[in-house]
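Fold and contact review
Each chain, written out:
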Amino acid sequence: MEQRAQLLLQKRDLAFAKKGVGSGLLSGAAWGLDGVLMGMVLGLAPFTNNMSIFAAPLVGACIHDGFAALWLFFYNVLNGKWRDYARTLKTRPARIIMLAAILGGPIGMSGNLLGIYFAGASYTAAITAGYPAIGAVLGAVFLKEKISPRVWAGILLAITGSFIVGFVPPDGSNYPHFYLGITFAVISAIGWAIEGVLSTYGMDLVDSDIAIGIREATSFFVYLFAILPLAGGVSYQILTKSFSAPTGWYIAVIGLIGGISFLSWYRAMNMTGVGRTMGLSVTFAIWSVFFGWLLNNLPLTPNLIIGVVVLFLGTILTVGNPKDLLNLKIR
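Analysis parameters
- Residues numbered from 1 in each chain as written.
- Predicted model: local features only at pLDDT ≥ 70, side-chain atom pairs only at ≥ 80, totals over all residues.
- Heavy atoms only, no water.
- Helix = DSSP H or I, 4+ residues; strand = E, 2+ residues; numbered from the N terminus.
- Buried < 20%, exposed > 50% of the residue type's maximum accessible area, 1.4 Å probe, protein only.
- Contact = heavy atoms within 4.5 Å.
- Areas by Shrake-Rupley, 256 points an atom, 1.4 Å probe, with all protein chains shown as cover.
- Salt bridge = Lys/Arg side-chain N within 4 Å of Asp/Glu carboxyl O.
- 1 Å grid on protein atoms, 1.4 Å probe; cavity = no way out; pocket = protein on both sides within 12 Å on 5 of 7 lines; lining within 4 Å.
- Points joined across faces, edges and corners; volume = space filled by probe spheres on them.
- Expected span 1.5 Å × (residues − 1).
- Bend = angle between axes of the 7 residues up to and from the residue.
- Polar contact = N/O pair within 3.5 Å; in protein donor to acceptor, adjacent residues only side chain to side chain.
- Axes fitted to C-alpha atoms, helices over the stretch in contact; angles between N-to-C directions.
- Left-handed = near helix turned anticlockwise from the far one by under 90°.
- Nonpolar A, V, L, I, M, F, W, Y, C, P; charged D, E, K, R; others polar.
- Phe/Tyr/Trp six-rings, centres within 6.5 Å; stacked < 30°, edge-to-face > 60°.
- pLDDT = per-residue confidence, 0-100.

Glancing now at the overall build of the chain. In terms of helices and strands, the chain carries 14 helices and zero strands. Mapped from its N terminus to its C terminus, the chain presents α and β elements in the order α-α-α-α-α-α-α-α-α-α-α-α-α-α. Scored against the burial criterion, the 331 residues of the chain give a buried share of 52%. Excluding contacts between residues fewer than 6 apart, the proportion of contacts in the chain whose partners are at least 24 apart in sequence is 85%. Roughly 15,800 Å² of accessible area belongs to the chain as shown, and the carbon and sulfur atoms make up 69% of that amount.

Shown next, in the form of structure tokens:
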């Protein structure tokens, strides 16, 4: 009887882990789609203004994170967790998460959307997909984590893949500021990597659903009251005009997709482990190329394909042994 009970428990754990893998893949697919759709929306009025080349992506990021925060709040209300917002905000871990939010939102997300605006969604996704490799280096420096030869090999592959992607602009490019976009994508990857180090520490004592809600809300308010004023009065003009046109409401839907990606990411970490989840969710670079080709006629240049594949393999090596991605048994 006891042996049978243990067998049933192992089967339940295996099924739980498989659901985690599914959540990790959903996170990557949703984020890849999110980036491609944001790239398409940023090409519509009123974001196609000639007054400021920086304001439009920053306004888009503000709206995106604002709606993502709203959708996450509704999700937490439906799950009876909305009171946890006020309780959590009084704690020190919440302040750490808010700091991580600034690095991941106004820095990471802004760099991401500025990269998309100047270099295109797929090239930006290929560069930002290297953030786990950067996180491994930061973890070694600040958290004194040991880096194995396999991880160093992964880091070098990720850097090589990023170089391959960004070295030559796509043929017939409509992005005159392509290399500026690549620079912003690198800044985004660094911001997300630092956010990961801080948020991992902060979420030890905070429910992940609430942490995500606080993260997105903090990002939105920093955009609204700190970043947009720096971009000048034109940013608020674009913000206002975006809701008198369908564009702002398109971003509301995209924010829902982004919220699903965030929720799936943290759910996968709970179900199947952080390293495995990062190895799965980073597939957003591949998904971005696929959705860019499917929805936006992305030309699949050789350097883009080779660079994405090399960077993806490097990231997999960085975050965990490739065999562990298939070994779903809970130890």
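Attention shifts here to the pattern of salt bridges. Throughout the structure, instances matching the rule amount to five salt bridges. A salt bridge links K81 to D207, with the shortest nitrogen-to-oxygen separation between them at 3.5 Å. Pair noted here: K81 is in the loop between α2 (55-78) and α3 (84-89) and D207 is in the loop between α8 (178-202) and α9 (208-231), with a separation of 126 residues, a long-range link. The exposure class assigned to D207 is partly exposed, which follows from its relative accessible area of 35%. Residues participating in the shared-partner salt-bridge network are K81, D207 and D209.

Before going further, it helps to spend a moment on helix α13 (residues 284-296). F284, A285, S288, V289, F291 and G292 are the residues of α13 that are buried. Backbone geometry just downstream of α13 places N297 in the positive-phi region, at approximately 55 degrees.

For the structure on display, the rule yields two cavities of 30 Å³ or more. Taken as a whole, the largest cavity holds about 80 Å³ of empty space. Taken together, W31, G32, G35, V36, N112, I116, A121, A125, T128, W192, F284 and S288 form the lining of the largest cavity. If you list the elements that add at least two residues to the lining of the largest cavity, you get α1 (2-41), α4 (92-119), α5 (121-128) and α13.

The end-to-end C-alpha distance of α9 is 32 Å, a good match for the 34 Å that 24 residues give at a rise of 1.5 Å each. Remark: the principal bend of α9, roughly 45 degrees, maps to Y223. Capping of α9 at its N-terminal end is provided by D207; its side-chain oxygen lies 2.8 Å from the backbone amide nitrogen of D209. Positive phi shows up at G232, right after α9, with a value of about 95 degrees.

Attention shifts here to unusual backbone geometry. Backbone torsion omega between A45 and P46 reads 5 degrees, so that peptide bond is classified as cis. Position of P46 among the secondary structure elements: in the loop between α1 and α2. Backbone geometry places N297, a non-glycine residue, at a positive phi of 55 degrees. Within the secondary structure layout, N297 lies in the loop between α13 and α14 (302-319).

Two elements in contact, α5 and α8, have axes whose closest approach is 8 Å; the angle formed by their N-to-C orientations is 40 degrees. Note on packing geometry: the crossing formed by α5 with α8 is right-handed. The segment α5 lies against α8, with Y123, T124, I127 and T128 engaging F178, I182, A185, V186, S188, A189 and W192. Classifying every residue of the contact of α5 with α8 by side-chain character gives eight nonpolar, three polar and no charged.

Here the focus is the packing of aromatic side chains. For any pair of aromatic rings, the description rests on two quantities: the centre-to-centre distance and the angle between the ring planes. Inspection of every chain in the model, using the stated rule, returns 21 aromatic pairs. Between the aromatic rings of Y123 and F178, the centroid separation amounts to 5.2 Å while the plane-to-plane angle is 85 degrees, which identifies the pairing as edge-to-face. Of this pair, Y123 sits in helix α5 while F178 sits in helix α8, placing them 55 residues apart in sequence. The same class applies to Y123 as to F178, namely buried. Of the aromatic side chains, those joined through ring pairs into one cluster are W31, Y131, W192 and F262.

With respect to the secondary-structure elements, A29 resides in helix α1. Measuring from C-alpha to C-alpha, the distance between A29 and F290 comes to 9.7 Å, with 261 residues separating the pair along the chain. Dropping the residues within four chain positions of it, A29 is found in contact with W287 and F291.

What follows covers the side chain of S288. With respect to the secondary-structure elements, S288 resides in helix α13. Leaving out residues up to four positions away in the same chain, S288 has contacts with G32, V36, A121, S122 and A125.

Confidence in the prediction for the chain averages 82 pLDDT; 83% of positions are at 70 or higher. Below a pLDDT of 50 lies the segment residues 4-9, which in the model reaches zero contacts outside its immediate sequence neighbourhood of four places, other chains included.

A word on the environment of A45. As for its position among the elements, A45 is in the loop between α1 and α2. Each C-alpha atom of the pair A45 and S242 lies 7.6 Å from the other, and the pair is 197 residues apart in sequence.

Mapping R215 onto the fold places it in helix α9. When near neighbours in sequence (up to four residues on either side) are disregarded, R215 contacts D65, I97, A101, G104, G105, W192, E195 and F262.

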